[in-house]
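Overview (structure and organization)
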Amino acid sequence: MAQRIGISGAGIGGLTAAIALQKMGKTVVLYEQAREFARVGADINLTPNAVRALDGLGVGDALRKTAARPTFRISRDGVTGEETSRIEMANAAQQKYGAPQLTMHRADLMTALENAVQPGSVQFKKRVKTVEQRDGKVHIGFEDGSQDTVDVLIGADGIHSSVRTALFGPEQPEFTGVVAYRAVVPTEKLAGLPDLDAFTKWWGTTPEVQIVTFPLNSGKDMFIFATIPQEGWNLESWTAPGDVSEFQSLYADFHPQARAFLDACDTVLKSALYVRDPLPKWFDGQCVLMGDACHPMMPFMAQGAGQAIEDGVVLARCLNDAQFATVPEALQAYQQARHERTAQIQIGSRGNNWLKAGTNADWVYAYDAWSVPLVAQT
């Protein structure tokens, strides 16, 4: 079917798809707009469904060397401190779902994926500008004036996807009216606080208000993620340095144990949260979207990266499955296998009430991207 596959974007989703496809014997080239790979970002929270998918790529052992394994997923009332749910993770998740939850620095995940992709697969400083399909091929033009031709083009280039714009026209993501704060604090500064080895979500009085904490770097650090409504976002960048004092004051009514995490912060990043409605169609001809390019979601279910990882595995399986005679048939099967699940998680993430009182996590955590049925259209 497809001999040479191009992927726009060498982030988590793009690299996952590339590794899976290469393991299946496909020729893959990744086009990355950055000048080089760099250690950027802060946290990544990989729930069992994502870890199991990555284990199938052979990168799980590398991740476990630096990751923390939260003991529980705990919900607490942000004001009273009352515990409203506690789900056992760590070994219990391994036994129940076939993989644990892993929390780590995002760069550690990227490094593991970068080391697993075949050398020479990534072309840097390549941003897709034009996409033209003719004669069963995809002809790509880049902003630097260069060109390339592939059998399939995968848009794994995020919420600002150039591939999506080329396929379906320009559109703007919607500012949700919510901003997020992120910080990393050495665990030693938090001595005496309970459940430092767990993932804890402190729920505010409205769905937009929360504080989430979980361990990083084998438990040496704690990651703090907090959200709150804001009227608008006027900065050119989606992420900018935040004011620590302002950050701490916004959660003055929270329980003292929750505020103690904020009081330990020396620096904080502030970013705007954007979404799109579920995209009705993810592919056109020989071109297809994945991850944030087709289903960006709020972070409240911790599934943004996980769903991109699942996409990469399922898409690779479809492009390698002999039951699909043509690329469009394979891409249709991929969309059919993934659309309902990602839309449900998109919508659920906006509502932000999942697991507040111990709601069943199995439909998210038990999903196996390596075995989900792939069905041809009749």
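For the structure itself, look to the data block above.
**A short note on the packing of aromatic side chains**
Evaluated as defined, the whole model comprises 11 aromatic pairs. Judged by centre distance (5.6 Å) and plane angle (85°), the rings of Tyr97 and Tyr365 are edge-to-face. With Tyr97 in helix H4 (residues 90–97) and Tyr365 in helix H11 (residues 362–365), the pair connects residues that are 268 residues apart, well separated along the chain. Across this residue pair, the class does not change: Tyr97 and Tyr365 are buried. Where Phe175 meets Tyr274, the ring centres are 5.6 Å apart and the plane angle is 50°; that geometry is what we call tilted. Of this pair, Phe175 sits in strand E12 (residues 174–186) while Tyr274 sits in strand E17 (residues 269–275), placing them 99 residues apart in sequence. For Tyr274, a relative accessible area of 16% puts it in the buried group.

**Let's talk about the sheet that holds strand E11 (residues 152–155)**
In spatial order, the strands read E7-E2-E1-E11-E19-E18; together these six strands make up an open sheet with mixed pairing. Both edges of this open sheet fall to strand E7 (122–124) and strand E18 (283–284), since each of them pairs with a single strand only. Two elements, strand E1 (residues 4–8) and E11, share four bridges in a ladder whose sense is parallel. Across the sheet, the residue bridging to Ile7 is Ile154, located in E11. This element, helix H1 (residues 12–23), spans E1, strand E2 (27–32) and E11 of the sheet and lies at about 165° to E2.

**Looking at the nonpolar core**
In this structure, Leu46 and Ile154 are the most contacted members of the largest nonpolar core, which totals 73 residues. With eight residues, helix H9 (residues 304–320) is the largest single contributor of residues to this core. Contacts of Leu46, omitting those with residues within four sequence positions, involve Val51, Leu54, Leu63, Pro100, Gln101, Leu102, Met104, Leu109 and Ile309. The next biggest cluster of nonpolar side chains, apart from the first, holds 28 residues, and it includes Leu190, Ile224, Phe254 and Cys265.

**Some points on the environment of Pro70**
As for its position among the elements, Pro70 is in the loop between helix H3 (60–64) and strand E4 (72–77). Overall, Pro70 belongs to the buried group, its relative accessible area being 0%. Not counting the four nearest positions on each side in its chain, Pro70 is found in contact with Met89, Ala90, Gln101, Thr103, Asp197, Ala198, Phe199 and Pro215.

**Description of the packing of H9 against helix H10 (residues 327–351)**
Where H9 contacts H10, the two axes come as close as 8 Å, and the packing angle between them is 160°. With respect to H10, the element H9 is oriented roughly antiparallel. Crossing of H9 against H10: the hand is right-handed. Residues Gln307, Glu310, Asp311, Val314, Leu315, Cys318 and Leu319 of H9 pack against Ala330, Leu331, Ala333, Tyr334, Ala337, Arg338, Arg341, Thr342 and Ile345 of H10. Here the contact of H9 with H10 is composed, by residue class, of 10 nonpolar, two polar and four charged.

What counts, and where the lines are drawn
- Residues numbered from 1 in each chain as written.
- Predicted model: local features only at pLDDT ≥ 70, side-chain atom pairs only at ≥ 80, totals over all residues.
- Heavy atoms only, no water.
- Phe/Tyr/Trp six-rings, centres within 6.5 Å; stacked < 30°, edge-to-face > 60°.
- Helix = DSSP H or I, 4+ residues; strand = E, 2+ residues; numbered from the N terminus.
- Buried < 20%, exposed > 50% of the residue type's maximum accessible area, 1.4 Å probe, protein only.
- Pairing = 2+ DSSP bridges.
- Contact = heavy atoms within 4.5 Å.
- Axes fitted to C-alpha atoms, helices over the stretch in contact; angles between N-to-C directions.
- Core = buried A, V, L, I, M, F, W, Y, C linked by side-chain atoms within 4.5 Å.
- Parallel < 35°, antiparallel > 145°, perpendicular 65-115°, else oblique.
- Left-handed = near helix turned anticlockwise from the far one by under 90°.
- Nonpolar A, V, L, I, M, F, W, Y, C, P; charged D, E, K, R; others polar.

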